[in-house]
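Each chain, written out:
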Amino acid sequence: MENKKLVINPAWCKGCGICAAFCPKEVLAIVHEKVQLINEADCIKCGLCELRCPDYAIYIEKEGE
Amino acid sequence: MPSKLIEKTMRVNRLPHIWCPGCGHGILMRDVAQAIENCGLDPDKVVIVSGIGCSSRAAGYMNYNTLHTTHGRAIAFATGVKLANPELTVIVITGDGDATAIGGNHLIHACRRNIDLTVVVFNNNIYGMTGGQYSPTTPHGEKGTTAPYGNIDYNFDIPKLAESAGATYTARGTAFHVPQMIKLIENGIKHHGFSLIEGLSVCPTYYGRKNKKGSAVDMYNWQKENCIDAAKAQKMSAEELEGKILTGEMSRCEKPEYTDMYMEIIRKCGGDK
Ligand code: SF4
Ligand code: SF4
Ligand code: SF4
């Protein structure tokens, strides 16, 4: 888990709220129509937000890649 | 700075895409890309063919050989590509209107031939691009700009339609249930014959607004609650299944494939010499 990082690309985010609504750990929120990390410490890097983001604006990056 | 998958499979300079906030098409397009990756295909040997409609914009974004064709004719173009060069993997991305109304005849006849195409229907239950007219998959009773008092047509069940017309692999997934959808597309690509995978999409802008379905998130919650894996459904009672939509592999069989039979005729007649 330590070698994974959650990355957000605000330029592509359309603020639909899907990632925040279905995050199992309430890590995300929509602030001024963009996704924001509100509770990064709880993120389990499950990648569900990446799978369901229609705009590819949030994803898990593996270190060394 | 996109993810590795997006960087590899999409034309990143064309992103963000044109689809509305929360539209299921973006999720389904990523599923197609992930399925192609999972199959380990050479991108140079993959062709994406689309028709017209919101769904069909996908061909502009995906970084493969792509063909954005005319309304309803994606399967006809794809048939030509496959016959000319059977070693290519040909994937059609189409919508409910494009595939079952304007292109309905192309669909049933391609099914009948069992030609090795993989057709992924992004079903948003409406004509989104042209402003919300009802389509052959708008559920009975639901509204569109052309059905302001409710649609009196009965809607198609697309996998059933394809199966009865001769498709040898049919399946249904949703935008919400991502790993299942990726697997269904992957299996469709691997299947040698005509494959049809319906992907239930989410159109918050037209279908959602016209039918008071709430926000995009509400519409995904609806899919989460109401779309049930067919394997799981076997353990549920008739009451529990009332109004539910079944997902998963719907049918599969083996039958000689069209381009194989066509090449065989060419060989028999000495056309390969
Ligand atoms: S990786 Fe999982 S836990 Fe972390 S933000 Fe995304 S959905 Fe939430
Ligand atoms: S799902 Fe994607 S586009 Fe929607 S709010 Fe989250 S990051 Fe933004
Ligand atoms: S009109 Fe509907 S289907 Fe078309 S892009 Fe917008 S939300 Fe998606």
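Calculation criteria
Residues numbered from 1 in each chain as written. Chains lettered and ligands numbered in written order. Predicted model: local features only at pLDDT ≥ 70, side-chain atom pairs only at ≥ 80, totals over all residues. Heavy atoms only, no water. Phe/Tyr/Trp six-rings, centres within 6.5 Å; stacked < 30°, edge-to-face > 60°. Helix = DSSP H or I, 4+ residues; strand = E, 2+ residues; numbered from the N terminus. Buried < 20%, exposed > 50% of the residue type's maximum accessible area, 1.4 Å probe, protein only. Lys NZ or Arg CZ within 6 Å of the ring centre and 35° of its normal. Contact = heavy atoms within 4.5 Å. Buried area = accessible area lost by both parts, 1.4 Å probe. Salt bridge = Lys/Arg side-chain N within 4 Å of Asp/Glu carboxyl O. Polar contact = N/O pair within 3.5 Å; in protein donor to acceptor, adjacent residues only side chain to side chain. Pairing = 2+ DSSP bridges.

A. Just the packing of aromatic side chains, in detail. Throughout the structure, instances matching the rule amount to 2 aromatic pairs over all chains. An angle of 70° between the planes, with centres 4.9 Å apart, marks the rings of Phe 22 of chain A and Phe 176 of chain B as edge-to-face. Of the two residues, Phe 22 of chain A is situated in helix α1 (residues 18-22) and Phe 176 of chain B in the loop between β5 (169-174) and α8 (178-190); the pairing between them involves two chains. Pair check on accessibility: Phe 22 of chain A and Phe 176 of chain B agree, each one buried. Their ring planes at 70° and their centres at 5.7 Å tell us that Trp 19 of chain B and Tyr 61 of chain B sit as a pair that is edge-to-face. Linking Trp 19 of chain B in the loop between α1 (4-9) and α2 (24-38) with Tyr 61 of chain B in helix α3 (residues 58-61), this pair joins segments that are 42 residues apart in sequence. According to the relative accessible area criterion, Trp 19 of chain B is buried, its value standing at 4%. Of note, Arg 52 of chain A hangs over the ring of Phe 176 of chain B, and the distance from its end group to the ring centre comes to 3.9 Å.

B. Region of interest: the interface of chain B and chain A. Counting from both sides, the interface comprises 27 residues of chain B and, opposite them, 20 residues of chain A. Taken together, the two surfaces of chain B and chain A that pack against each other cover about 2100 Å², and 69% of this comes from carbon and sulfur. Remark: the boundary between chain B and chain A carries 1 salt bridge. Close ionic contact of Glu 50 of chain A with Arg 30 of chain B constitutes a salt bridge, the shortest N to O distance being 3.2 Å. Between the two partners, chain B and chain A, sit 8 residue pairs in polar contact (both at pLDDT 80 or more).

C. Looking closely at the environment of Ser 55 of chain B. Residues and elements named next belong to chain B. Mapped onto the fold, Ser 55 is located in the loop between β1 (46-50) and α3. Note on Ser 55: relative accessible area 3%, which makes it buried. Here the alpha-carbon distance between Ser 55 and Ser 201, two residues 146 residues apart in the chain, equals 9.6 Å. Excluding anything up to four places from it in sequence, Ser 55 contacts Trp 19, His 25, Ile 93, Thr 94, Gly 95 and Phe 122. A polar atom in the side chain of Ser 55 sits 3.5 Å from the backbone oxygen of Thr 94. Separated by 3.1 Å, the side chain of Ser 55 and the backbone nitrogen of Gly 95 make a polar contact.

D. Focus on the pairing of strand β4 (residues 118-123) of chain B. All names here are of chain B. Among the 6 residues in β4, 6 count as buried, and that is most of the element. In terms of strand pairing, strand β3 (residues 89-95) meets β4 through 5 bridges, oriented parallel. Residue pairing in the sheet places Gly 95 in a bridge with Phe 122 of β4. Where β4 lies against strand β6 (residues 195-200), 6 bridges are found, and the strand directions are parallel. What sits directly across from Thr 118, in β6, is Ser 195.

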